[in-house]
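# Structure assessment
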Amino acid sequence: MNEQARRRPAKTYRRPKKDPVRILAFEALRAVDERAAYANLVLPPLLKKAREAGDFDTRDAALATELVYGTLRRQGTYDAIISACVDRPLRQVDPPVLDVLALGAHQLLGTRIPSHAAVSASVELARVVLGDGRAKFVNAVLRKIAKDDLDTWVERVAPPYDEDAEDHLAVVHSHPRWVVSALWDALGGGRAGIEDLLEADNERPEVTLVARPGRIGAGELLDTLGEESALPGRWSPYAVRLAEGGEPGAIDAVRDGRAGVQDEGSQLVAVALADAPLEGPDTRWLDGCAGPGGKAALLAALAAGRGAHLLASEKQPHRARLVGRALAGNPGPYQVITADGTRPPWRPGVFDRVLVDVPCTGLGALRRRPEARWRRRPEDLEGFAPLQRSLLREALKAVRVGGVVAYATCSPHPAETRAVVEDVLKGRGGPAAEADWIDARPLMPGVPALGAGPDVQLWPHLHGTDAMYLALLRRTA
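Keep in mind it's a predicted model, so treat the numbers as computed, not measured. Here, residues in each chain are numbered from 1, in the same order as that chain's written sequence. The model is predicted, so local features are restricted to residues of pLDDT at least 70 and side-chain atom pairs to those at 80 or more, both for listing and for counting; the totals for chains, interfaces and linings are taken over all residues. Excluding hydrogens and water, the side-chain values take into account all heavy atoms of the structure.

Ordered in space as β2-β3-β1-β4, the four strands form an open sheet in which the pairing is antiparallel. Sheet topology places β2 (230-232) and β4 (259-261) at the edges, where each strand pairs with a single neighbour. Averaged over all adjacent pairs, the angle separating strand axes in this sheet is 30°, with direction ignored. Two strands pair when backbone bridges link them, and β2 and strand β3 (residues 239-242) are joined in this way by three bridges, in the antiparallel orientation. The partner of Leu 231 across the bridge, within β3, is Arg 241. Across the sheet, helix α15 (residues 264-275) is in contact with β1 (208-211) and β3; its angle to β1 comes to roughly 30°. Two strands qualify as a pair provided that DSSP identifies no fewer than 2 bridges between them. Helical segments are the DSSP runs of H or I of at least four residues, strand segments are the runs of E of at least two, and each set is numbered from the N terminus. Axis lines are fitted through C-alpha atoms, for helices just across the contact stretch, and the angle between N-to-C directions can take any value from 0 to 180 degrees. In what follows, a contact means two residues having at least one pair of non-hydrogen atoms within 4.5 Å.

To continue, consider the packing of aromatic side chains. Each pair of aromatic rings taken from Phe, Tyr and Trp, with Trp reduced to its six-membered ring, is defined by centres within 6.5 Å and is described as stacked if the planes are under 30 degrees apart, edge-to-face if over 60, and tilted in the remaining cases. Within this structure, the stated rule accounts for two aromatic pairs. Taking the centre distance of 6.0 Å and the plane angle of 85° together, the rings of Trp 346 and Phe 351 count as edge-to-face. As far as burial versus exposure is concerned, Trp 346 and Phe 351 are alike and both buried. Aromatic pair Tyr 407 and Tyr 469: ring centres 6.3 Å apart, planes at 70°, arrangement edge-to-face. With Tyr 407 in strand β9 (residues 399-409) and Tyr 469 in strand β12 (residues 469-475), the pair connects residues that are 62 residues apart, well separated along the chain. Burial status follows relative accessibility: with a 1.4 Å probe on protein chains alone, a residue under 20% of its type maximum counts as buried, one over 50% as exposed, and anything between as partly exposed.

Structure below.
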């Protein structure tokens, strides 16, 4: 061996640094993509496991949560930016690589993490989960993205509003074009309203609790949590809003079922049904699509206060079990069954109040399930339509003459809301139902901007709730 070779230092290979926070965020995104999972179901057990292993503290959990949800909410915008920085169509980039790039893009463009740290951490993640070769690709793309801020990139990759308004909004606010179009039709109005709605979909929603009457009051729950940890609800008399970073699973009242996590819009739907004027008996209530149990638990508590009985029915056995857990400990009489609401086991005309919160596209809950916007397709509306109409028809058969039916859905799409009710009332696709509209607006006192009625559409940007729809109907014959 010559002298120069002896003096040359041996080449060393540095092991990539494992970052538990970013590895967990990557694992969550892969589960969402590969298994069509929802982040709100995947992330909690991953965080719990990390805490138990001693890898995470509260700040780590908060960062991991922000990385996952922020990346999913802004996926459309980040995809457009990444596409401008690679030399091939995005469909030719392996999905795991895209997930690392999107996580990096969110750190660069959507957080206060310094650019050099965001790039470095993302490249290290790529080395761990993808290997050195693809880590170089990730490094090159992220360095291009890091040259400009989000506003500059959006101006570059989004078409001008005047040339294609819907495509512009789709890129800027990270929604599929068809969803932008559907929400705009449902909302009406000009540019300001739809931009406010789309932006609200990209904000982190508050965690709202429901104090279940007969077990704990909202005031008592507030006193227990303290004014630094919680605020009263905006509209529902049973709502309590947690301060940012509040962990509902750590609250005794939630653990023992006296309170639960429930969006204020869902609370308002249940309360409106319970408060709708009714003549005659008021002893038998039905929740015909009860899973996973939030509305059923509130209805059961309200029914118990009046000596009424709630039957909670759910078609899917695993969701029926969730309903059972939600109702456990309710002070009044109730029953949970596994049954198909389109082929019900109960006799017609036996209930006084009936709720059908029908399966839908979930376009009203995109704040909580941001991945749903990329998973749903326009043709899904046609798939849900027959089921929604069938469930409403059977609900109107189940209620007695003079009784009240609440048709609810977590979607503002016209095809899933008023069109369903009007088709059932007018006999399109089946016999016309003998029922009249009830004006639902007076049953939500203090809630502004409820429209012309008689039905109600709630909105994230106007009410701070999911985009819940409610129609109240009284059977007339």
